[in-house]
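The chain contents come next:
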Amino acid sequence: MLSVVLGGLRARWTSLLGGFLALALGVGLLTATGLGLAAALDPPAHAPERFASSPVVVLGRDRLTVEVRRGPGTALVSRPLDRPQPVDTAMLRELRARWTLTEHPSDAPAPAASRPDAVGLDAPAEQVRALVGDRAQVLTGDERRRADPGHERDGQELTGLNALLGTAGGVAAFVSVFVVASVFAFSVALRRREFGLLRTAGATPGQVRGLLLAEAALLGLTASAAGCALGGLAAPPMARALVARDLAPAWFAGAGTVGGSAGWPYHLAFWTGLGVALAGAAAAAHRAGRTGPTAALREADVDRDVLPPGRALLGAGLLAAGLGLLVWTYATDPGSLLKRKTYTTLPMLLTGGAALLAPLLVRPAARLSPVFRGGAVGLLVRENGAAAVRRTAAVAAPVLVTVALAGTLSGASESVARAKETEARDRTTAAHVAEGREVTLPERPPGGAVVAASGPTSLFVRDGAEAVVKYRARAVADPAAFAAFARLPLVAGDLRGLDDRSIVVNEEFERRRVGEEVEVWRADGSGPVRLRVAAVLARGTGDNGPYVTRAQAPGSRLDRLESDRPLAADAASAAAPPPANRAARTGLRLLLVLVLLYTVIALASTLLMATSVRGGELAALRLAGATRAQALRAVTGEALLAVAVGTALGLAVTAAVLAALGAGLAALSAPVVLAVPWAQTGAAAGVCALVAVASAALPAWRLTR
């Protein structure tokens, strides 16, 4: 058996090259992203900056701990504060009485608050812990980095990096399965007569299946090994590129081999690649085992039984699951439709179902296509495309995956971004707005001007008796000016009722009736305080409240000024913050380039295989009177027809996802601003068409010489 497998691989290495490249690329990407995740989850130790010369650091509490109900008993839950609390004054006096404190390192600016949030000292850690108790945190070693100003920023960047790497790995695995399964399925269809001869010679169905699975195992082993080596080499450049695009902290680029000595990314990628190869070949092997001896005598090229019951059931199930989850999410939690996790994963179900059911649509789509009308070549293209359903579907499937992912990912992310921008623009009637990381409220506004200032803060609110939720909120300096300019989606109440003892909530809050009281902890962990609900807002895209006054936002800095007249230069000169979704767009572009690369491999390998075995057909066409140019036009026309079918199915998936997103925005009372990604889908379809034409024309040109 092994000699037969090796001989078959040597004879058909060109037909399996596409599957090998796709699998090696997928394993390489899984290895590189796994090493990146390993480095992010276990970052290398590096020295603290703020208190580098102090062996012990006393840091104010940086988490809010609240008791909640858990079943019949209670439990403590913790939520991170926006910034550490100042160190207690009495404790500072006790520490100064025993040791010399470093409150403001020479290279760090003194904080605006009278009490520091951290102090350094040279003392035995156990004695410091005994004195401090639970009033603050005592940090030693690498833990002292928690007092550095950039510690929280690094954590936020690592959270986004983990999401990006995880999404890239998931997309790589998803597309790898399709490409490898497509290559094996089409290879089996082309080898129908070969399997018929093996059955005639006495091979059992089990031996035919074993032959294909052995080929897949060898392909999977070699491609996975090559992919692991490729991923190990690609991980350091990938880390440097992520840092250069501000998608990772600066230290991530200097993480050496990225991942250090972690071996789990290699194991995960290798065994995933082998599993993908075997899974992709399993269905094809089952179909090959059903080939009868009479298949060796068949000459007709009209495909029959192109949609086995198992494939039809799986495709219908995936399609129903994708559509059902879209409807269920819209009905139960429309806000989830705006999240990247939702509009990344649900389209994969729809894409998978449409790709599996594509053979059902190929024949009617080919015969009804308005592109190839008139003339003998057009007739030949339509009829060949309808007759060779497997070939047309094998070419259309990767195009479908590319166009669908390009359309849904680009369209959904851009639509959400535009909805947020429109909502932010429409929420004020002010003629002039200044935004930045920090703005200054003018002491004397220009003659008679009304100025509303606000800044970001956080609020911690008990959700029932079982949880505590952290909300991003806005703190306003002048409630009357805020109410004069605000144009928010008001559901109940009046914005003019906001004062130091009240709050404006949105429909996410459990307590959202006007006049009710909400128990709130402030951004620094102080509280709880009970605030009266003054008004209720629609949820929108997630940035509609809550709103409080600055009395409930200790330490909040202003980052937005609104006025009915031009502001002074010093108030409006703050640098605008970078776009919030810039990193997400960069990661999205990288994912789409990856998917397009997979599609190029799949199209090239499928069409090279398909056209290389059509020598007899093309010779008969020439004998019937067709010129060489007409024969080439017929072959490339069939490739373009398949690309058109895949593009149409991909656009249908895109339309379904964007329609659900639009319905979700409407349900949230947010602006429905859908961005149809014509540029991305058009570019993807254009590249697919160019690759398909080249991959079909080159072997056809050689065969018609």
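A quick note: this is a predicted structure, and the numbers were derived from the prediction, not measured.

Peer 1: Sorry if this is basic, but what is going on with the packing of helix 18 (residues 628–667) against helix 19 (residues 678–703) here?
Peer 2: With their axes 9 Å apart at the nearest point, helix 18 and helix 19 run at an angle of 150° to one another. One finds that helix 18 runs roughly antiparallel with respect to helix 19. Of the two elements, helix 18 crosses helix 19, and the hand of that crossing is right-handed. Of the residues in helix 19, those in contact with Arg-628, Leu-632, Val-635, Thr-636, Ala-639, Leu-640, Val-643, Thr-647 and Leu-651 of helix 18 are Thr-681, Ala-685, Cys-688, Ala-689, Ala-692, Val-693, Ala-696, Ala-697, Ala-700 and Trp-701. Here the contact of helix 18 with helix 19 is built from residues that sort into 15 nonpolar, three polar and one charged.

Peer 1: Explain the packing of aromatic side chains here, please?
Peer 2: Each pair of aromatic rings is reported with the distance of its centres and the angle of its planes. In total, this model carries three aromatic pairs according to the counting rule given. Summarising the aromatic geometry, the rings of Phe-270 and Trp-271 are spaced 5.1 Å apart at their centres and angled 90° between planes, so their arrangement reads as edge-to-face. A relative accessible area of 55% places Trp-271 in the exposed class.

Peer 1: Teacher, can you tell me more about the pairing of strand 5 (residues 118–121) here?
Peer 2: Neither face of strand 5 is left uncovered, since the one carrying Ala-118 and Gly-120 and the one carrying Val-119 and Leu-121 both have all their residues buried. Of the pairings in the sheet, the one linking strand 1 (residues 56–59) to strand 5 comprises four bridges and is antiparallel in character. Pairing of Val-56 across the sheet is with Leu-121, part of strand 5. Pairing between strand 4 (residues 101–102) and strand 5: two bridges, direction antiparallel. Counterpart to Leu-101 in the pairing with strand 5 is Leu-121.

Peer 1: Looking at this structure, how should I read the pattern of salt bridges?
Peer 2: Two side chains that carry opposite charge are able to pair once their charged atoms sit near each other. Applying the stated criterion across every chain yields a total of 17 salt bridges. Two residues, Glu-435 and Arg-560, come together in a salt bridge whose shortest N-O distance is 2.9 Å. Here Arg-560 lies in strand 15 (residues 560–563) and Glu-435 lies in strand 7 (residues 432–435), a separation of 125 residues in the sequence. Counted as one network, the salt bridges with shared partners bring together Asp-333, Glu-508 and Arg-539.

Peer 1: Please clarify how the sheet that holds strand 1 should be interpreted in this entry.
Peer 2: The strand order across the open sheet formed by four strands is 4-5-1-6, and the pairing between neighbours is antiparallel. The open sheet has two edge strands, strand 4 and strand 6 (137–140), and neither has a second partner. Pairing geometry for strand 1 and strand 6, over four bridges, is antiparallel. Within the sheet, the bridge partner assigned to Val-56 lies in strand 6 and is Thr-140. Packed onto the sheet, helix 4 (residues 125–132) meets strand 1, strand 5 and strand 6 and runs at close to 170° relative to strand 6.

Peer 1: How do you make sense of the environment of Asp-122 when you look at a structure like this?
Peer 2: Tracing the chain through its elements places Asp-122 in the loop between strand 5 and helix 4. Take Asp-122: its relative accessible area is 62%, and that puts it in the exposed class. Residues Asp-122 and Ser-54 lie 68 residues apart in sequence; the distance between their C-alpha atoms is 5.7 Å. Those residues in contact with Asp-122 that sit more than four places away from it in its chain are Pro-55, Trp-99 and Thr-100.

Cut-offs and rules
Residues numbered from 1 in each chain as written. Predicted model: local features only at pLDDT ≥ 70, side-chain atom pairs only at ≥ 80, totals over all residues. Heavy atoms only, no water. Axes fitted to C-alpha atoms, helices over the stretch in contact; angles between N-to-C directions. Helix = DSSP H or I, 4+ residues; strand = E, 2+ residues; numbered from the N terminus. Parallel < 35°, antiparallel > 145°, perpendicular 65-115°, else oblique. Left-handed = near helix turned anticlockwise from the far one by under 90°. Contact = heavy atoms within 4.5 Å. Nonpolar A, V, L, I, M, F, W, Y, C, P; charged D, E, K, R; others polar. Phe/Tyr/Trp six-rings, centres within 6.5 Å; stacked < 30°, edge-to-face > 60°. Buried < 20%, exposed > 50% of the residue type's maximum accessible area, 1.4 Å probe, protein only. Pairing = 2+ DSSP bridges. Salt bridge = Lys/Arg side-chain N within 4 Å of Asp/Glu carboxyl O.

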